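Spelled out, the chains give:
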Amino acid sequence: MKTLILTLTLLTSFTSLGAVKDIICSTPRMNKVFMIKNSKIIMQGRDLASVEGVRTKDIGVGFTKYFNHEGMKHKLHIENRSSFSDFNDYISIRNNKGHEITYPLTCGLK
């Protein structure tokens, strides 16, 4: 019985890992649009920019990604991967002088 439960748990884990979808997020006026692909973030705007060197912190059913782009520090937070929320999902951008702006995000699966 324990073997069956362990096998089902492993199969569920591998299935969910293989079914990871890309997430697309945007700010309310679509000033900033992001596509999140595993360890890469693609920023859409005037120029298409791919950001590498992204650090990810998994938090329960959500995650927070930290990265630098155009000399500014970004913190992108998704509270729940399976149930996106305009209230709980946000991006915070801080410049080198310490000024910080936080935008709510509208996210969905691609």
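For the structure itself, look to the data block above.
My aim in this report is to walk through the structure given alongside it, one point at a time. (Residues numbered from 1 in each chain as written. Predicted model: local features only at pLDDT ≥ 70, side-chain atom pairs only at ≥ 80, totals over all residues. Heavy atoms only, no water.)

### A closer look at the pairing of strand S2 (residues 33-37)
Let me state the cut-off plainly: Each residue gets one of three labels from its accessible area relative to the maximum for its type: buried under 20%, exposed over 50%, partly exposed in between, using a 1.4 Å probe on protein chains only. In DSSP terms, a helix is any run of H or I states spanning at least four residues, a strand is any run of E spanning at least two, and both are numbered starting from the N terminus. Each pair of strands is called paired provided DSSP finds at least two bridges between the two strands.
With 4 of 5 residues buried, S2 is to be regarded as a mostly interior element. Summarising the sheet, strand S1 (residues 23-26) and S2 pair through 4 bridges and their orientation is antiparallel. Directly across from cysteine 25, in S2, lies its bridge partner phenylalanine 34. Hairpin connection between S1 and S2: a loop of 6 residues separates the two successive antiparallel strands, and methionine 30 in this loop has a positive phi of roughly 60°. In this sheet, strand S3 (residues 40-44) lies alongside S2 in antiparallel orientation, the contact comprising 5 bridges. In the sheet register, methionine 35 faces S3, and the bridge partner there is isoleucine 42. Between the end of S2 and the start of S3, which pair antiparallel, lie 2 residues, with asparagine 38 showing a positive phi angle near 40°.

### Concerning the side chain of serine 85
Put simply, the rule reads: Counted as a polar contact is a pair of N or O atoms within 3.5 Å, where, for protein atoms, one must be capable of donating a hydrogen and the other of accepting one, and residues adjacent in sequence contribute only when both atoms are in side chains.
With respect to the helices, strands and loops of the structure, serine 85 is situated in the loop between strand S7 (72-78) and strand S8 (90-94). A polar contact is formed between the side chain of serine 85 and the backbone nitrogen of phenylalanine 87, at a distance of 3.1 Å. Only 3.1 Å separates the side chain of serine 85 from the backbone nitrogen of asparagine 88, close enough to count as a polar contact.

### Examining the pattern of salt bridges
When the charged atoms of two side chains lie near each other, side chains of opposite charge can form a pair. The line we're drawing: Take a side-chain nitrogen of Lys or Arg and a carboxyl oxygen of Asp or Glu: if they are within 4 Å of each other, that pair is a salt bridge.
All told, the structure shown has 3 salt bridges when counted by the stated rule. Between arginine 81 and aspartate 58 there is a salt bridge, and its shortest N-O distance comes to 2.7 Å. Of the two residues, arginine 81 is situated in the loop between S7 and S8 and aspartate 58 in strand S5 (residues 55-59); the sequence distance between them amounts to 23 residues. Owing to a relative accessible area of 38%, arginine 81 belongs among the partly exposed residues under this scheme. According to the relative accessible area criterion, aspartate 58 is exposed, its value standing at 54%. In this structure, the salt-bridge partner of glutamate 100 is arginine 94, at a minimum N-O distance of 2.7 Å. The exposure class of arginine 94 is partly exposed, given its relative accessible area of 38%.

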